[in-house]
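Architecture at a glance
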Amino acid sequence: MAVITYLEAIRQALFEEMAADDRVFVMGEDVGAYGGAFKVTEGLIDRFGEARVIDTPISEIAIVGSAIGASYMGMRPVCEIQFIDFIACCFDMLTNFAATSRYRNGAGVPIVVRGPSGGGVGGGPFHSLNPEAFFLNTPGLKMVEPSTAYDAKGLLKAAIRDDDPVLYFEHKFLYRRIKDDVPEEDYVVPLGTAKVRRAGKDLSIVTFGAMVHTALDAATQLEAAGVDTEVLDLRSLAPLDRESLLASVAKTSRVLVLHEATRTGGIGGELAAIVAEEAFEYLDAPVVRVASEDSPAPYAPPLEAAFLPSVDKVVAAAKRLVDY
Amino acid sequence: MAVITYLEAIRQALFEEMAADDRVFVMGEDVGAYGGAFKVTEGLIDRFGEARVIDTPISEIAIVGSAIGASYMGMRPVCEIQFIDFIACCFDMLTNFAATSRYRNGAGVPIVVRGPSGGGVGGGPFHSLNPEAFFLNTPGLKMVEPSTAYDAKGLLKAAIRDDDPVLYFEHKFLYRRIKDDVPEEDYVVPLGTAKVRRAGKDLSIVTFGAMVHTALDAATQLEAAGVDTEVLDLRSLAPLDRESLLASVAKTSRVLVLHEATRTGGIGGELAAIVAEEAFEYLDAPVVRVASEDSPAPYAPPLEAAFLPSVDKVVAAAKRLVDY
Amino acid sequence: MLARHVEERLVILFRQSKVIGGLYRSLGQEGESVATAYALERTDAILPLIRNMGALMTMGVRPLEIFRQYMAKGTGNSRGRDLNIHIVHLPPAGANEPVIVGPISMLGDSISVAAGIAMGARMRAALPASRRAPGEDKKPPLVAMAWIGDGATSTGAFHEGMNFAAVQRIPLVVIAEDNKYAYSTPIARQMAIARIDERAAAYGIPHEMVDGNDMLAVYDVTKRMVVRARAGEGAALVGVDTMRMQGHAQHDDMRYVPKAVVDEWQQKDPLLRFRRVLVERRAATDKELDDVDRMTKAYAAGEADLAVNEPMPDPATVTRGVYAGDDFAVPRVELVKSPFAEDGSSA
Amino acid sequence: MLARHVEERLVILFRQSKVIGGLYRSLGQEGESVATAYALERTDAILPLIRNMGALMTMGVRPLEIFRQYMAKGTGNSRGRDLNIHIVHLPPAGANEPVIVGPISMLGDSISVAAGIAMGARMRAALPASRRAPGEDKKPPLVAMAWIGDGATSTGAFHEGMNFAAVQRIPLVVIAEDNKYAYSTPIARQMAIARIDERAAAYGIPHEMVDGNDMLAVYDVTKRMVVRARAGEGAALVGVDTMRMQGHAQHDDMRYVPKAVVDEWQQKDPLLRFRRVLVERRAATDKELDDVDRMTKAYAAGEADLAVNEPMPDPATVTRGVYAGDDFAVPRVELVKSPFAEDGSSA
Ligand SMILES: Cc1ncc(C[n+]2csc(CCOP(=O)(O)OP(=O)(O)O)c2C)c(N)n1
Ligand SMILES: Cc1ncc(C[n+]2csc(CCOP(=O)(O)OP(=O)(O)O)c2C)c(N)n1
Ligand SMILES: [Mg+2]
Ligand SMILES: [Mg+2]
């Protein structure tokens, strides 16, 4: 075991998968000589050369489109979107082409599209996106977002080995802030499996990504107030691990859904709907959502702090929920 | 009053708004000489000329981008996306540019982006889209989808006069199938207002667009089975008319959310979440969603029929709900 | 100079495309689809658009497959899930078969996918022998060919794909079809250049314009571009000057096209011209060509009849095969003896 | 030949841009931002990108506005909501003020927005008099100018916007900046053409390449394009040859750029060159220029000091002004006496 950062875990996953499988390659803007805007691909070009670490033009459509083509030929491309916000530029290629290809003609598209997501670092309206809800209504795509270094590595390996297109959202706030134990030996975190980060019996906080840490901090505060909080880290957003979600609700009967994307139209709607539809009999209280405010992501630190979900907001909502 | 089709209602709204306000103009692929792929803009060019009915290159980004620019100069552009599926190609321009402009710098973007949506006409995977969930997580956009000729006209007029970017989804299945009474005099259907299409006390079906008619047919069948169904037509998807939604739930205590987009990640999640969060005490049963199956839209008629929500599926779900 | 048997092959293919294409809207421009694809090797990749059915058949796709698709049969490659010529054929790495990726409706998207296919093939060729499939080493370097309409060259997707292919020196040959209209929009409202091949000037790749209704000329120019692409000299674009002689689709009466233009192009029909050339050069007699015509018509009719009787897809399968793991069997595209079968190479 | 006072104005603007730009990464290429914008009229539209702060100031934006933005102050045009030079100024129709649309980060998007602004202005000019604002009739036809980096010309958004402007003959002048890199990516990995202005060959519009560090040459070429655009002759593109002399942003040490290249470009610094020219032509003495330098440095420092003391935005306002109706007051961009104020026209 070694303690490494979330960022290093991603880098290791790329490195090891490329070393183990010649078909894996990386492409994106500035991923080669520069090692990526956040240095996630640092050192890859030295080891694997220009042919497998491709610096592309500023062309998100071509990055994803050519990855699809290469994957048709048996390759395993991993595309970096420099900031995940720019995934909007290749939305068509992902939703219309990649997502439907297997269904239409049995032509699987084993690509990974990854990039730095999320806020909390003063990125402003164009560098703070949490895009999962954009893609949740498109069958054929898979989506993951890790919250720990362990998962960052294991989920990326699983994504690369997966035969379907996987969107891998890495939370840039966690890149260097989160460190944890990662085994030396090869492992994967299977897609579609959530994980209970903290067991509890009074209340379930269902979340993922950077918000897992917010939830855990809130749980610590709530403990002091006598509330025993369960924190469920979804890890996979598509497919969702419905069993783990429903099991947690069955246990606590109270659900707080927490995500960093803005509230209306966010993935919290889907989660709340699953609970309201399939675990209604277990519910003792409304399903509460805590999320970012319904506005674009602002730049100034005081605004961003007011915009994002915070430990305080989570604690307050959780208390309302247990008092219901 | 005159009985006109849904399609004609849209055409009339464009015609009247252009006649009343020189700042309104239309642009899109084949909207001019040809009158649009579905003939929605037929005759406009004869009356208003090429300068106000602009045939563009196949460039969805440029269509929306130039509309934003023109709107900055005080114009009121109405863009046609030939099939709404192609809105994926300008997703970035809408979500990143148009939606955030007012928030960032106070620069409003009074544009309308409209186009034929939805399935049921054998359009296959690329011509059957219901895209509302793609945009629901982007504050700054408004979205509407009419179910009647009256609303088609009134909502489009409201959208054109609105100072924010409005996505106007017209359901192509309804174009020539739906006819109703439309006043001769000018009127609008205000954005953000739902409408009870059928009052009932046992169950609320919350829906919009073509599915309103499916819901009404189901309600008729359910009546025979002794179930008194309320059908709420949302009309506006952003902003949602929460008051009408909650009022209906308070009345019936049972909610069936119905939409034509695929189930997972659809707008039904948001609707169910609102109900589960804000009307929990009224609920006597789970919030049930009926939607298209989680796959791309298939082409063959037997597949499409199995894919789409049907009257039978709605009736069956409604019965389960009242029997809960 | 083309060998006689090549010309004969061409005419058979061309007729096939004519017969089926006549129903489905490539009237007046079928020639270029056939003549361009004919410049490829059997194992190359094609990404046709809706009007390039001729290219499919040139690569050996059995017409039955196309009828199945048009009729949304459960036996077709998309099993009724997608339209007309939207078929995909990804043969095993070592097979002596073409890579085929049918259109997706979002115009322009296929260019970067085509670039990726050719790039992926190049990467495969660099894999260690142990990683390669039996037979793979014997295949010539893959060239990808994609067709694109005048209108579709206005899309951002076209631009990004072309530029990427140019920078990466990818063996991609793009056939840009100036058929005068995109739906109802005349080319002058689509671009401010007079020659469609100048779209390529922005990418620093070779480009040439050719009379699209002169099949032999189309073949010659395309062949040159294919040869240099295969030799590692990178992407190229061929502009073809032709005319869409019917409406965009069946419902379109084309009233926006001046009658004089239609009449003028009627004279230039590629079929009639090619026939004249064949006869002049004594490559075929009128009688032989009439026979070919009858033969292909009958063949097409037979294929259509076969398709008609095949079953529609089972509604119970509607959600199958969205993801891997639930692999819902996909029928392989049937290939017939193609022009490449006989002589190995098309030249 | 430019009149002396024009040259003097230019140097003041240029120095301003240098001082502020030095902090924020347009080092080595500030000259072209100033010289291109200077070819516009006071009432024209600009859509600068992040490195074109000089263009903002040339149009009269008070430096204070830029400091406010960089410091995320509540007093700035975006009220702390957006970054650096992301400001927007949409003056009332009749005002003698420029239209300014600051960058959005999605590269390429601004091109079609710029096209729409110029098209919208043209449409406004066609409105009946009763619909037009007082003073609007007296304004010259609006020309929009947008800047775009070498890297950003690879985007689909660039292509669609350029093509649209070309087809619609929109008075748009695009300044394409070859500054050798896009972040760390050298231009050779961005495009397979040697001259960036050839991007425009695909659109059938005039294009020219100019030494971007020769401010007078940049001005001359740009002015020509602006004049023809204003005369109704449509869009054009000016390619500027320059060099980004710092990393992409502060964290980037530019180790991917060979030292020799940096040294070579150091010799071509636009400021030093312009200074030499001014002195040679006796437009200014060294002493005068040193004075200007001191003056602008002091001015910038004063502006920065003002901004520092202004309040941050109130967190309670975070959701205000997402939609119309809830109009949260937006401070108008402060304009200062600009070079255009004096002589009406810049030429
Ligand atoms: C991105 C996108 N926008 C719009 C359409 C709708 N559409 C389908 S075909 C067509 C015209 C295509 O014209 P062209 O590219 O010239 O090909 P042609 O039909 O002439 O062969 C249009 C606008 C589309 N398929 N894709
Ligand atoms: C669509 C899009 N993709 C990626 C980025 C990330 N990005 C920001 S600046 C930059 C490099 C820009 O290079 P260039 O256009 O040459 O401008 P320069 O920085 O040299 O002035 C990149 C890749 C972006 N802003 N937009
Ligand atoms: Mg065409
Ligand atoms: Mg650059």
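This section reports on the structure supplied with the text. (Residues numbered from 1 in each chain as written. Chains lettered and ligands numbered in written order. Predicted model: local features only at pLDDT ≥ 70, side-chain atom pairs only at ≥ 80, totals over all residues. Heavy atoms only, no water.)

**Considering the site of ligand 1**
The criterion, for reference: Residues are labelled near a given molecule or strand when at least one of their non-hydrogen atoms is within 4 Å of it. Definition of a polar contact: a pair of N or O atoms within 3.5 Å, with one able to donate and the other able to accept a hydrogen when the atoms are protein atoms, and with sequence-neighbouring residues admitted only if both atoms are side-chain atoms. The protein chains shown are the only cover counted for residues, whose accessible areas, like all others here, come from Shrake-Rupley with a 1.4 Å probe.
Contacts to ligand 1 come from 19 residues, most closely from E60(B), R51(C), S105(C), D150(C) and N179(C). Of the chains in the model, those with residues near ligand 1 are chains B and C. The side chain of D150(C) places a nitrogen or oxygen atom 2.7 Å from an oxygen atom of ligand 1. Contact between ligand 1 and N179(C): an oxygen atom at 2.8 Å from a side-chain N or O atom of the residue. Here ligand 1 has 590 Å² of accessible area as a free molecule, and 92% of this is covered by the chains.

**As for the interface of chain D and chain B**
Applied cut-off: In what follows, residue pairs with any heavy atoms lying within 4.5 Å of each other are defined as contacts. The buried area of a pairing is the accessible area, by a 1.4 Å probe, that goes missing from both parts when the two are put together, added over both. The salt bridge criterion pairs a side-chain nitrogen of Lys or Arg with a carboxyl oxygen of Asp or Glu, the two atoms within 4 Å.
Taken together, the contacts link 43 residues of chain D with 41 residues of chain B. With both sides pooled, the region where chain D packs onto chain B buries about 3,400 Å², and carbon together with sulfur makes up 66% of that total. Summed over the three residues of chain D that lose the most area to chain B, namely M123(D), E160(D) and Y323(D), the buried surface amounts to 17% of that side. In this structure, the connection of chain D to chain B is made through 3 salt bridges.

**Focus: unusual backbone geometry**
Just so we agree on the cut-off: Secondary structure follows DSSP: runs of H or I at least 4 residues long count as helices, runs of E at least 2 residues long count as strands, and numbering of each begins at the N terminus.
The peptide bond linking A238(A) to P239(A) adopts the cis configuration, its omega dihedral lying at -5°. Here P239(A) lies in the loop between β12 (236-238) and α8 (242-252). With a phi angle near 80°, K180(C) is a residue other than glycine that sits in the positive phi range. Position of K180(C) among the secondary structure elements: in the loop between β5 (172-178) and β6 (181-182). At Y183(C), a residue that is not glycine, the phi angle is positive and equals roughly 50°.

**Focus: the pattern of salt bridges**
Basically, it comes down to this: Note on exposure labels: buried denotes an accessible area under 20% of the residue type's maximum, exposed denotes more than 50%, and partly exposed covers the range between, all computed with a 1.4 Å probe on protein chains only.
One pass over the full model with this rule turns up 113 salt bridges over all chains. Here R289(A) ties to E270(B) by a salt bridge, and the two come within 2.8 Å at their closest N and O atoms. Residue R289(A) is found in strand β14 (residues 288-292), and its partner E270(B) is found in helix α9 (residues 267-278); the two belong to separate chains. Judged by its relative accessible area of 3%, E270(B) is buried. In this structure, the salt-bridge partner of K268(D) is E264(D), at a minimum N-O distance of 3.3 Å. Overall, the relative accessible area of 41% leaves E264(D) in the partly exposed class. Salt bridges sharing partners connect three or more residues here, namely E16(A), E17(A), K153(A), K157(A), R161(A) and D186(A).

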